[in-house]
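Now for the letters of each chain:
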Amino acid sequence: MAVLVCLSGLPGVGKSTIARALAEQTGALHLRLDEMEVAMRQSHMKCDDLADGGYAAAQAVTRSALAQGFDVIADCVNPIQLTRFAWQQASQGHPHIDVMLSCSDVALHRHRIENRENDIDGHCLPTWQAVQARRFDPFPQADIELDTSQLTVAEAVQRLRAATSAANKEISHV
């Protein structure tokens, strides 16, 4: 059965890097919210504030992809309980793995923010000050917590692949 892996964490913790590597290894659909929101802003729509538009669009695609049997990796900040609950609803009975990513090394996190390359045309990367000021509620209910200052990308992907495999085995025994 298809699985939704929902990555949550502040900008610069490594969500997209890990999602991209996991998708390359598994063939899962990588839904990167930043890309979707930039495309929406660049379309003929006129909106200054997308509110939850990017999340709603990504969750609609997720429901469809899961129904077709595709694993999905949602790559988004997912900062509050409301957004997290919406992803759980999008799973619609499919296995759902909430992953909380952090970078406990503040100097490393800042370095990543201040030195990363923008790989999405039209995307405005946040400053370190904006990341620090961003609301991000604790996520103690996450199924997996990964500190990207303590793990390589390969180690993080290995843990997520193991969790995905375990979720599929759990479902098959029900």
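Predicted model only: the values in this text are computed from it and were never measured.

A. Inspection of the environment of L82 at higher detail. Within the secondary structure, L82 sits in helix 4 (residues 81–90). Taking the C-alpha atoms as reference points, L82 and E35, 47 residues apart in sequence, are found 21 Å from one another.

B. How the structure looks around the pattern of salt bridges. What the rule picks out here adds up to four salt bridges. With a shortest N-O distance of 3.8 Å, R20 and D119 are connected by a salt bridge. A residue pair is termed long-range when its members are at least 10 positions apart, and R20 in helix 1 (residues 15–26) and D119 in the loop between helix 5 (106–115) and helix 6 (128–133) qualify at 99 residues. For R20, a relative accessible area of 33% gives the class partly exposed. Ionic pairing is found between R110 and E114, a salt bridge with its closest N-O pair at 2.8 Å. Pair noted here: R110 and E114 are both in helix 5, with a separation of four residues, about one helical turn. Overall, R110 belongs to the partly exposed group, its relative accessible area being 36%. Shared partners join several salt bridges into a network, and the residues in it are R20, R32 and D119.

C. The packing of helix 3 (residues 53–67) against helix 4, seen in detail. Packing of helix 3 against helix 4 leaves a shortest axis separation of 9 Å and a crossing angle of 25°. One element, helix 3, and the other, helix 4, form an angle in the roughly parallel class. Relative to helix 4, helix 3 is oriented so that their crossing is right-handed. Every residue of helix 4 that contacts helix 3 at Y55, A58, Q59, T62, R63 and L66 is listed here: T83, A86, W87 and A90. Here the residues of the contact of helix 3 with helix 4 are counted per class, giving six nonpolar, three polar and one charged.

D. Spatial organisation of the pairing of strand 1 (residues 4–8). Here strand 1 lies mainly inside the structure; five of its five residues are buried. The side-chain alternation of strand 1 yields two buried faces, one formed by L4, C6 and S8 and the other by V5 and L7. Bridge count for strand 1 against strand 3 (residues 72–75) is four bridges, and the pairing is parallel. Among the inter-strand pairings, L4 is bridged to a residue of strand 3, identified as V72. Note: strand 1 against strand 4 (residues 96–102), five bridges, orientation parallel. For V5, the partnering residue across the bridge sits in strand 4 and is I97.

Thresholds applied
Residues numbered from 1 in each chain as written. Predicted model: local features only at pLDDT ≥ 70, side-chain atom pairs only at ≥ 80, totals over all residues. Heavy atoms only, no water. Helix = DSSP H or I, 4+ residues; strand = E, 2+ residues; numbered from the N terminus. Salt bridge = Lys/Arg side-chain N within 4 Å of Asp/Glu carboxyl O. Buried < 20%, exposed > 50% of the residue type's maximum accessible area, 1.4 Å probe, protein only. Axes fitted to C-alpha atoms, helices over the stretch in contact; angles between N-to-C directions. Parallel < 35°, antiparallel > 145°, perpendicular 65-115°, else oblique. Left-handed = near helix turned anticlockwise from the far one by under 90°. Contact = heavy atoms within 4.5 Å. Nonpolar A, V, L, I, M, F, W, Y, C, P; charged D, E, K, R; others polar. Pairing = 2+ DSSP bridges.

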